[in-house]
Amino acid sequence: APATVVVEDDPTQGFLDGRTVFAYTGNMGPAQGMDCLLTLAERMQDRPEAAFLFVGRGADVPRLRTLADAKGLRNARFLDEIEAHRIPGLLARCHVGLIALDPRHTTHNIPGKLLTYLHAGLPVLARINPGNDLEALIRDEGIGRVVAGEDDESLLAMATALLDDPTLRTGMAGRGRALAGRMFSPAAAVEQVVAGLH
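This section reports on the structure supplied with the text. Keep in mind that what you see is a predicted model, and the values were worked out from it rather than measured.

1. Describing helix α6 (residues 152–164)
Link 1 in the chain: With 13 residues, α6 should reach 18 Å at 1.5 Å per residue; the first-to-last C-alpha distance of 18 Å fits that figure.
Link 2 in the chain: Every buried residue of α6 is accounted for by Leu155, Leu156, Met158, Ala159, Leu162 and Leu163. Seen along its axis, α6 keeps its buried residues to an arc of 165°; they face one direction.

2. Notes on the packing of α6 against helix α7 (residues 166–183)
Link 1 in the chain: The N-to-C vectors of α6 and α7 enclose an angle of 95°; their axes lie 5 Å apart at closest approach. Relative to α7, the element α6 is oriented roughly perpendicular. Taking contact as the criterion, the partners of Ala161, Leu162, Leu163 and Asp164 in α6 are, on α7, Pro166, Leu168, Arg169 and Met172.
Link 2 in the chain: By residue class, the composition of the contact of α6 with α7 is 6 nonpolar, no polar and 2 charged.

3. Focus: the packing of aromatic side chains
Link 1 in the chain: In total, this model carries 2 aromatic pairs according to the counting rule given.
Link 2 in the chain: Geometrically, the ring pair formed by Phe22 and Phe52 is stacked, given 5.0 Å between the ring centres and 15° between the ring planes. Placement of the pair is Phe22 in strand β1 (residues 20–25) and Phe52 in strand β2 (residues 50–55), with a sequence separation of 30 residues.
Link 3 in the chain: Look at Phe22 and you get buried, because its relative accessible area is 0%.
Link 4 in the chain: For the pair Phe54 and Phe78, a centre-to-centre distance of 5.1 Å together with 25° between the ring planes defines the contact as stacked. In this pair, Phe54 sits in strand β2 while Phe78 sits in strand β3 (residues 76–79), placing the two residues 24 residues apart along the sequence. Summarising the burial analysis for this pair, Phe54 and Phe78 share the class buried.

Calculation notes
Residues numbered from 1 in each chain as written. Predicted model: local features only at pLDDT ≥ 70, side-chain atom pairs only at ≥ 80, totals over all residues. Heavy atoms only, no water. Helix = DSSP H or I, 4+ residues; strand = E, 2+ residues; numbered from the N terminus. Expected span 1.5 Å × (residues − 1). Buried < 20%, exposed > 50% of the residue type's maximum accessible area, 1.4 Å probe, protein only. Arc of directions from axis to C-beta. Axes fitted to C-alpha atoms, helices over the stretch in contact; angles between N-to-C directions. Parallel < 35°, antiparallel > 145°, perpendicular 65-115°, else oblique. Contact = heavy atoms within 4.5 Å. Nonpolar A, V, L, I, M, F, W, Y, C, P; charged D, E, K, R; others polar. Phe/Tyr/Trp six-rings, centres within 6.5 Å; stacked < 30°, edge-to-face > 60°.

Structure below.
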């Protein structure tokens, strides 16, 4: 059975049970543009089987918590940053990994959390900046769904599809694990270093 994260006053207690969990782990600051994910949670409140879990710290956490309370989001919970070794156990209880990057970014950025999600067997749902290489990676490898730029309607449609189709999620999860093994294994790292020496 998946490990249970034991945290004093754990806000996930009973919250995740029997629900499809969209999880975000990591920094929550201006660079992430997290408001889109709270908007998504707000728009999915009519789907009680969906839950949104935000784990981590960052400059925007107090504001995001206040915003979630103001919106009355019953389907969203915030959990303070936890030790790295606890994250796999937590993600084992989740179903989709969330990525957010502010659309105003002009650089390529592949967040480290992508690898964490892939290793955990989670398909990804990402809202990123236009022109980011991450868009092609997610689409070409079939490891999730991605929106480039401000498009709340597409994000909602993609989240709903992932919620409603466990078979879709399972296929993406398998491809994600394979990609993680292919691209991010120690052997692949050695090959990249050796190739750089020639």
